[in-house]
Every structure is written in C-alpha cells, then in structure tokens.
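If you want the building blocks of each chain, they are given just below.
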Amino acid sequence: MDKLEKVEKIRQKTGASYTDAAQALDKCNGDVLDAIVYLERNGKIDEQSTATFSSEAENDTKTSDSLANATAEYDRSSEKQSVGDGVDTFFAWLKKVFRKSVETTFTVSRNGKEVLHVPVLILVIAMVFTFWIVVPLLVVGLFFDFRYHFEGVDKVAFDVNDFCDRAADGATNMKNSRGNNNN
C-alpha cells in the first residue's frame, strides 16, 4: 500500500483532513494504526465518523477480522520499535564508552618525569593488536622504575592507580632484594 492509499484509509477511519492524516502518517513512520492513535491523542479525529466496537456478539465478522488484523499489525510494529530502541541504547552506550576512552589518559612516568601520555583508546588498540609486545614491555618497565597511572578516571570501587603503584613498588622491592642477595 503506497502513502496515498494509507492517507486515504486514515481519512476514512478518522474523518481527519488530508493534511492531518499525511502528517500523522509521516510522524508514525508510515504505520497506519499508529497514525490513527496519534490523531486520536491530538484530538484531530472527527467524532461522528469514528467506528465503535462493542463486546456484544454480532453477526458481522468483518469488523472483528479487521480488528484482529489491526491488532496484529500494531503488535508487529511494536516489536520493530523495541528492537530499534535496543539498537539506539547500544549505540548510546558505545558512544559513551568511546568518549570515556578518549578523555581518560594512560600516563607513563620515570623518576617523576612524564615519559608518555596517551588516551586509553590507544592503549586498548595496542593491547588488542600487539598484546604479546605491550604486556611484556609494561612488566619489564616496572623493573626499570617506570610508573603507570590513569588520569581522568571517575570514581570506581577498585582504584586502578593504587594497583599500578603497588605493582611498581613490588617490582622495586624485588629488584632491591635481588640486588642485596648478590652482595
């Protein structure tokens, strides 16, 4: 059914003007039932031309069939919207994570001087593609008095910087105790 037929069907069911029916159809992404509900909510339906439904038994099965079809169509359109909402939610979360990974920085320092300062996104990409190079470099760096910190991190239950400091202190202690044992 093309747009013109849908607009005409909405006009027949609601008594709304062509302009109102077309606008409602556009706002409801081409869904006839949603457009009718939209018009009703906005008071654009002509009360005299609207159909009424009753719970009393009638011989006319055509009305109940059209109601069943309209209900099924509405259910299908509702499912589509819930999937779309899920996708929108996922992309909003992904955008938030990306923004945080750029705002948060990974800092490498040695003897109080900053050696490297990069967004966490760069660290994550390096870890994904060159894991077997980056991780050993970070561990070996601890034994050469490098310290690692994350800046711009929101408050979390586990303090990453405290863990990085303890790892650096542990490496220093191991290096010092190894040096003392050789003497």
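One can find the structure itself at the top, above this paragraph.
Described in the following lines is the structure provided in the data block. (Residues numbered from 1 in each chain as written. Predicted model: local features only at pLDDT ≥ 70, side-chain atom pairs only at ≥ 80, totals over all residues. Heavy atoms only, no water.)

The subject of this paragraph is the overall build of the protein chain. Counting its regular elements, the protein chain contains 7 helices and 3 strands. Of the regular secondary structure in the protein chain, the N- to C-terminal order runs α-α-α-α-β-β-α-α-β-α. Within the protein chain, the proportion of its 183 residues that are buried is 20%. Here the contacts in the protein chain between residues at least 6 apart in sequence split such that 45% fall between residues at least 24 apart. Surface exposure of the protein chain reaches about 13700 Å², of which carbon and sulfur atoms provide 57%. (Helix = DSSP H or I, 4+ residues; strand = E, 2+ residues; numbered from the N terminus. Buried < 20%, exposed > 50% of the residue type's maximum accessible area, 1.4 Å probe, protein only. Contact = heavy atoms within 4.5 Å. Areas by Shrake-Rupley, 256 points an atom, 1.4 Å probe, with all protein chains shown as cover.)

Before going further, it helps to examine unusual backbone geometry. Its identity is not glycine, yet N29 carries a phi of approximately 55°, on the positive side. According to the relative accessible area criterion, N29 is exposed, its value standing at 72%. Non-glycine residue N111 carries a positive phi angle of around 55°. Turning to its location among the elements, N111 is positioned in the loop between β1 (105-110) and β2 (113-119).

Before going further, it helps to spend a moment on helix α2 (residues 18-27). Buried within α2 we find D20, A21, A22, A24 and L25. Those residues of α2 that are buried are in contact with α1 (3-14) and α3 (32-41). The positive-phi residue at the C-terminal boundary of α2 is N29, with phi of around 55°.

The strand order across the open sheet built from 3 strands is β2-β1-β3, with neighbouring strands paired in antiparallel fashion. The open sheet has two edge strands with one neighbour each: β2 and β3 (146-151). Between one strand axis and the next, the sheet turns by 20° as a mean value, whatever way the strands run. As paired elements, β1 and β3 share 6 bridges and run antiparallel to each other. Note on β3: the bridge partner recorded for F106 is F150. (Pairing = 2+ DSSP bridges. Axes fitted to C-alpha atoms, helices over the stretch in contact; angles between N-to-C directions.)

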